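Examination of the molecular architecture
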Amino acid sequence: MGLAYEVKKLSFPTDAAYRQLNPLGSVPFLEDGNVRMNESSAMLIYLAERYGPTSLLPDRTSPHFARALQMTVFSEATLGASLNVQMEARFAAPEADKGNWSARAQAGRTDKALAFVEEMLGDQPYLTGDAPSIADLAIVTAIGMRQGALGLAPSEKLSAYRERLVARPAYGR
């Protein structure tokens, strides 16, 4: 959308000053004037609504509007939630618990979620048709986290989808 922003690097675990702003200590975190948010999907919707209109969020009268909202929330509520368990197990669990039943179950859930993304894509380049949306930005982040943090490459179709999105100049910025 061409909005000005500032990125701040954080230590892990986050320090007390950051937790005063964001008691969960989680990332990402958005400050926009008096608005403070710590849920990435909500941030995408907020920014598109607050500073739009934007092609990243289809008009409310478009048949693609509901799909954009559904898949944006899906990126965190379903895909991200299962990835978080897997990353916690991999990076924070004692060695004996890294492959526990919960992590294995969530890996299966992630596989189903990614199959659903492929189904929603169909033959389209993006989830809402010919143009990327906030849903695509959210989903591609989850795919990248799975690949980068867990070393699990996406399918050929999702890899091509991810490449289309990361090739955008806005992604590079």
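Predicted model only: the values in this text are computed from it and were never measured.

Description of the confidence of the model for the protein
- On average, the protein scores 94 in pLDDT, and the residues at 70 or more come to 100%.
- Confidence, expressed as mean pLDDT per element, reaches its minimum in the protein at helix H7 (residues 169-172) with 87 and its maximum at helix H6 (residues 156-166) with 97.

Re the packing of aromatic side chains
- For the structure on display, the rule yields 2 aromatic pairs.
- Measuring from ring centre to ring centre gives 5.9 Å for Tyr-18 and Phe-29, while their planes differ by 80°; the resulting arrangement is edge-to-face. Here Phe-29 lies in the loop between helix H1 (16-21) and strand E1 (30-32) and Tyr-18 lies in helix H1, a separation of 11 residues in the sequence.
- The exposure class of Tyr-18 is buried, given its relative accessible area of 9%.
- Each ring, one from Phe-74 and one from Phe-116, has its centre 5.2 Å from the other, and the planes form 50°; the classification is tilted. Of this pair, Phe-74 sits in helix H3 (residues 65-92) while Phe-116 sits in helix H4 (residues 101-121), placing them 42 residues apart in sequence.
- In this structure Phe-116 comes out as partly exposed when scored by relative accessible area, which is 25%.
- Positioned above the aromatic ring of Tyr-126, the side-chain terminus of Arg-164 is 5.9 Å from the ring centre.

Thoughts on helix H2 (residues 40-51)
- For H2, built from 12 residues, the straight-helix expectation of 16 Å at 1.5 Å per residue is met to within 8% by its first-to-last C-alpha distance of 16 Å.
- Residues Ser-41, Met-43, Tyr-46 and Ala-48 constitute the buried set of H2.
- Packing partners of the buried residues in H2 comprise E1, strand E2 (35-37), H3 and helix H5 (134-150).

Definitions and limits used
- Residues numbered from 1 in each chain as written.
- Predicted model: local features only at pLDDT ≥ 70, side-chain atom pairs only at ≥ 80, totals over all residues.
- Heavy atoms only, no water.
- pLDDT = per-residue confidence, 0-100.
- Helix = DSSP H or I, 4+ residues; strand = E, 2+ residues; numbered from the N terminus.
- Phe/Tyr/Trp six-rings, centres within 6.5 Å; stacked < 30°, edge-to-face > 60°.
- Buried < 20%, exposed > 50% of the residue type's maximum accessible area, 1.4 Å probe, protein only.
- Lys NZ or Arg CZ within 6 Å of the ring centre and 35° of its normal.
- Expected span 1.5 Å × (residues − 1).
- Contact = heavy atoms within 4.5 Å.

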